[in-house]
Amino acid sequence: MSAPDVDGRPRRATRRFPLFTRDTARPEGGGRAAPRDAPAPARQWPILAVLAAVGVGLLLTALDQFRVGTLLIGVALLAGAVLRWLLPDVGMLAVRSRFTDIATYGGLGTAIVLLAMMVQPNPWLVIPFLKDTLHFTVSSN
């Protein structure tokens, strides 16, 4: 079997990976989120929205509002997962394949939100089996 090369000439196709890669494919959905003639910030609005929310969350955390700040960071990552799922072109928010991005943003966002809700003192979320697990794994004897 032969496949055309860059110049259109047939070459022998092989199943082996090339020794040196010359180019990388853009991730699925990695196109501009706005038309080409729009200014750069408008073309990359999905990643800028997520980064702005994370920045506000970090600022709140630095201003001694730990629970609200980390909750906002987690919600921003979950919003990034939703944007990656719903929009066909998300610009720089697309890092890998759509599935990998959604799983990563969603998993990290969920973990951060749950940890923010369970932080001491006065947790908003109490998961009883975690306390029992800790009691059996760390003993005071």
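A.B. asks: Would you mind showing me how to read the nonpolar core here?
C.D. replies: What tends to happen in soluble globular proteins is that the nonpolar side chains get buried as a cluster. Core analysis: the biggest nonpolar cluster contains twelve residues, these being Ile47, Val50, Val54, Ile73, Ala76, Leu77, Ala81, Leu83, Val90, Leu93, Ala94 and Tyr105. Listing elements by their share of this core, those giving two or more residues are helix H2 (45-62) and helix H3 (66-86). Broken down by element, the residue count for this core peaks at five residues, all from H3.

A.B. asks: Help me out: how do you make sense of the packing of H3 against helix H4 (residues 98-118) in this one?
C.D. replies: To describe two helices that pack against each other, one gives the angle between their axes and the distance between the axes. Close contact between H3 and H4 brings their axes to 8 Å; oriented N to C, the two are set at 160 degrees. By the criterion of interaxial angle, the relationship of H3 to H4 is roughly antiparallel. The two elements H3 and H4 cross, and the hand of that crossing is left-handed. In contact with Arg67, Thr70, Leu71, Ile73, Gly74, Val75, Leu77, Leu78, Gly80, Ala81, Arg84 and Trp85 of H3, H4 contributes Arg98, Asp101, Ile102, Tyr105, Gly106, Leu108, Gly109, Thr110, Ile112, Val113, Ala116 and Met117.

A.B. asks: I'm lost on the packing of H2 against H3 in this one. Help?
C.D. replies: Where H2 contacts H3, the axes come no closer than 7 Å and their chain directions differ by 170 degrees. Of the possible angle classes, the one that applies to H2 and H3 is roughly antiparallel. From H2, Trp45, Pro46, Val50, Ala53, Val54, Val56, Gly57, Leu58, Leu60 and Thr61 reach across to H3, where they touch Phe66, Val68, Gly69, Thr70, Leu72, Ile73, Ala76, Gly80 and Leu83. A class-by-class count of the residues in the contact of H2 with H3 yields 14 nonpolar, five polar and no charged.

A.B. asks: What is the right way to read H4 from this model?
C.D. replies: For an α-helix, 3.6 residues make a turn, and residues three or four places apart therefore share a direction. If you check H4, its first and last C-alpha atoms are 30 Å apart, about what 21 residues at 1.5 Å a residue would give, namely 30 Å. Every buried residue belonging to H4 is among Arg98, Asp101, Tyr105, Gly106, Gly109, Val113 and Ala116, and all of these are buried. For H4, the angular spread of the buried residues around the axis is 110 degrees, confining them to a single face. Turned more than 90 degrees away from the buried face of H4, the exposed residues are Phe99 and Leu115. Taken together, the buried residues of H4 touch H3.

A.B. asks: Can you walk me through a nonpolar patch on the surface in this structure?
C.D. replies: Together, Val82, Trp85 and Leu86 line one region of the surface with nonpolar side chains, adding up to about 360 Å² of accessible area. Here leucine 86 shows up in helix H3. Of the residues examined, leucine 86 reaches a relative accessible area of 59% and is grouped as exposed.

A.B. asks: Is there a simple way to explain the side chain of arginine 98 in this structure?
C.D. replies: When you line up the elements, arginine 98 lands in helix H4. Taking relative accessible area as the criterion, arginine 98 reaches 19% and is therefore assigned buried. A polar atom in the side chain of arginine 98 sits 3.2 Å from the backbone oxygen of leucine 87.

A.B. asks: Explain H3 to me, please; I cannot follow it from the model alone.
C.D. replies: Spanning 21 residues, H3 covers 30 Å between terminal C-alpha atoms, matching the ideal 30 Å at 1.5 Å per step. Listing the buried residues of H3 in full gives Arg67, Gly69, Thr70, Ile73, Gly74, Ala76, Leu77, Gly80, Ala81, Leu83 and Arg84. At its buried positions, H3 is contacted by H2 and H4.

A.B. asks: Just checking my understanding: could you explain the pattern of salt bridges for this structure?
C.D. replies: Summed over all chains, the structure comprises one salt bridge. A salt bridge links arginine 84 to aspartate 101, with the nearest nitrogen and oxygen atoms 2.8 Å apart. Here aspartate 101 lies in helix H4 and arginine 84 lies in helix H3, a separation of 17 residues in the sequence. Of the two residues examined, arginine 84 and aspartate 101, each falls in the buried class.

What counts, and at which threshold
Residues numbered from 1 in each chain as written. Predicted model: local features only at pLDDT ≥ 70, side-chain atom pairs only at ≥ 80, totals over all residues. Heavy atoms only, no water. Core = buried A, V, L, I, M, F, W, Y, C linked by side-chain atoms within 4.5 Å. Buried < 20%, exposed > 50% of the residue type's maximum accessible area, 1.4 Å probe, protein only. Helix = DSSP H or I, 4+ residues; strand = E, 2+ residues; numbered from the N terminus. Axes fitted to C-alpha atoms, helices over the stretch in contact; angles between N-to-C directions. Parallel < 35°, antiparallel > 145°, perpendicular 65-115°, else oblique. Left-handed = near helix turned anticlockwise from the far one by under 90°. Contact = heavy atoms within 4.5 Å. Nonpolar A, V, L, I, M, F, W, Y, C, P; charged D, E, K, R; others polar. Expected span 1.5 Å × (residues − 1). Arc of directions from axis to C-beta. Patch = residues over 30% accessible without salt bridge, like charges linked within 9 Å, V, L, I, M, F, W, Y side chains within 5 Å. Areas by Shrake-Rupley, 256 points an atom, 1.4 Å probe, with all protein chains shown as cover. Salt bridge = Lys/Arg side-chain N within 4 Å of Asp/Glu carboxyl O. Polar contact = N/O pair within 3.5 Å; in protein donor to acceptor, adjacent residues only side chain to side chain.

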